[in-house]
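Here is what each chain is made of, one letter per residue.
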Amino acid sequence: MSPKSRPKKGDVAADAAVYDAIRRAMHRGRLAPGMKLQEPALARVLAVSRERVRKALHRLVHEGWLTAVPNRGTFVPSLTVEEMREIYDVRSMLEAAIVRRLSAELSTAAARRLKSHVAQEKAATRSNDRGRLFALSGDFHILLAELCGNEELTRLVRSLLTRSTMHFSLAAPERFHNCAGPHEHGDIVEAILERKAEKASKLMLVHLVGLVALQSARPPAPSSITLESAFRD
């Protein structure tokens with residue numbers, strides 16, 4: 001990007017584009033745990049200013065996607081298998097209760113949002129857009145919490161998803177077939193729409209247990225991927 005074509009300092013859309021590019025690389029499993037994200041290198045690869053990269057990194061640290069270590073820099077967080085299991089244990093308790101409540105209290109507007117989301121996941125699967133599918137997969141669980149109308153619950157689920165998404169994106173296969181994965185969301189939504197609370201709860205628990213098994217069987221391996229290849233579309 002030439003100096004003349006660089007976005008202006010206050011260009012909100014350009015700031016969002018840098019943020020989205022880093023998030024997308026994470027969802028695609030291209031940024032390994034422990035990887036240091038340096039402002040000069042990212043600015044060069046993304047063809048933007050260091051200030052714009054700094055703003056994106058600060059936002060990602062604030063949201064919990066990245067870790068800032070004083071006097072060392074910003075890093076992709078690492079998550080052990082045991083930590084991952086503990087997170088999913090808490091998620092199981094919360095999300096089984098969430099789908100039970102939705103099955104009993106689902107509104108017409110909420111039903112439309114769930115159907116729309118599942119349709120987007122199916123479209124991402126058909127187009128083999130792994131990054132988009134993984135982002136939607138996490139958003140699905142947050143959406144369920146949001147539909148309960150409890151902001152504290154939504155914040156808690158969002159925090160848990162942030163910590164577990166990185167591990168999932170690195171350990172999950174390139175393509176989902178009959179293993180645990182986003183394709184199970186449709187079955188959960190169907191049970192909710194049918195007002196079958198216990199069935200929805202059971203499907204959610206099976207879904208989360210399957211995700212733990214999938215990730216435990218294939219822990220993330222150290223990656224020597226370069227920044228150039230990580231952000232190549």
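Right above here is the structure, for reference.
Summarised in this report is the structure supplied together with it. (Residues numbered from 1 in each chain as written. Predicted model: local features only at pLDDT ≥ 70, side-chain atom pairs only at ≥ 80, totals over all residues. Heavy atoms only, no water.)

**Describing the nonpolar core**
And step 1. Counting residues in each nonpolar core, the largest one holds 37 residues, and the members touching the most others are Ile98, Val99, Leu102, Leu106, Leu114, Leu144 and Ile192.
And step 2. Every element with two or more residues in this core is listed here: helix H4 (81–105), helix H5 (108–126), helix H6 (130–146), helix H7 (151–171), helix H8 (185–193) and helix H9 (197–217).
And step 3. Looking at this core element by element, the count peaks at eight residues for H6.
And step 4. In contact with Leu114, other than residues within four places in its own chain, are Leu106, Phe140, Leu143, Leu144, Leu147, Val189 and Ile192.
And step 5. In terms of nonpolar packing, the next biggest core, distinct from the first, is built from 24 residues, Met26, Leu42, Leu66 and Leu227 among them. (Core = buried A, V, L, I, M, F, W, Y, C linked by side-chain atoms within 4.5 Å. Buried < 20%, exposed > 50% of the residue type's maximum accessible area, 1.4 Å probe, protein only. Helix = DSSP H or I, 4+ residues; strand = E, 2+ residues; numbered from the N terminus. Contact = heavy atoms within 4.5 Å.)

**Describing the environment of Ala124**
And step 1. Examined against the element boundaries, Ala124 turns out to sit in helix H5.
And step 2. Put simply, Ala124 and Leu136 are 12 residues apart on the chain and 8.7 Å apart in space, counted from C-alpha to C-alpha.

**What to know about the packing of aromatic side chains**
And step 1. Taken as a whole and judged by the stated rule, the model has zero aromatic pairs.
And step 2. Directly above the ring of Tyr19 sits Arg59, whose terminal nitrogen or CZ lies 3.6 Å from the centroid. (Phe/Tyr/Trp six-rings, centres within 6.5 Å; stacked < 30°, edge-to-face > 60°. Lys NZ or Arg CZ within 6 Å of the ring centre and 35° of its normal.)

**Considering the packing of H4 against H8**
And step 1. H8 packs onto H4 with a crossing angle of 40° between their chain directions and a minimal axis gap of 8 Å. On the basis of the axis angle, H4 is oblique to H8. Contacts between H4 and H8 involve Val99, Leu102 and Ser103 from the first element and Ile188, Ala191 and Ile192 from the second. (Axes fitted to C-alpha atoms, helices over the stretch in contact; angles between N-to-C directions. Parallel < 35°, antiparallel > 145°, perpendicular 65-115°, else oblique.)

**Focus on helix H1 (residues 12–27)**
And step 1. For H1, built from 16 residues, the straight-helix expectation of 22 Å at 1.5 Å per residue is met to within 8% by its first-to-last C-alpha distance of 22 Å.
And step 2. Along H1, the positions that sit buried rather than exposed are Ala14, Asp15, Val18, Tyr19, Ala21, Ile22, Arg23, Ala25, Met26 and His27.
And step 3. Sitting at the head of H1, Asp11 places a side-chain oxygen 3.1 Å from the backbone nitrogen of Ala13.
And step 4. Just past H1, the residue Gly29 takes up positive phi, approximately 75°. (Expected span 1.5 Å × (residues − 1). Polar contact = N/O pair within 3.5 Å; in protein donor to acceptor, adjacent residues only side chain to side chain.)

**Considering the side chain of Thr154**
And step 1. By the secondary structure assignment, Thr154 is in helix H7.
And step 2. You can call Thr154 buried: its relative accessible area is 10%.
And step 3. Excluding anything up to four places from it in sequence, Thr154 contacts Ile142, Ala145 and Glu146.

**Here's the deal with the side chain of Ser201**
And step 1. The residue Ser201 is located in helix H9 in this model.
And step 2. Given a relative accessible area of 3%, Ser201 falls into the buried group.
And step 3. Contact partners of Ser201, with chain neighbours within four places excluded, come to Ala96, Val99 and Arg100.

Limitation: the analysis is restricted to geometry and does not speak to function.
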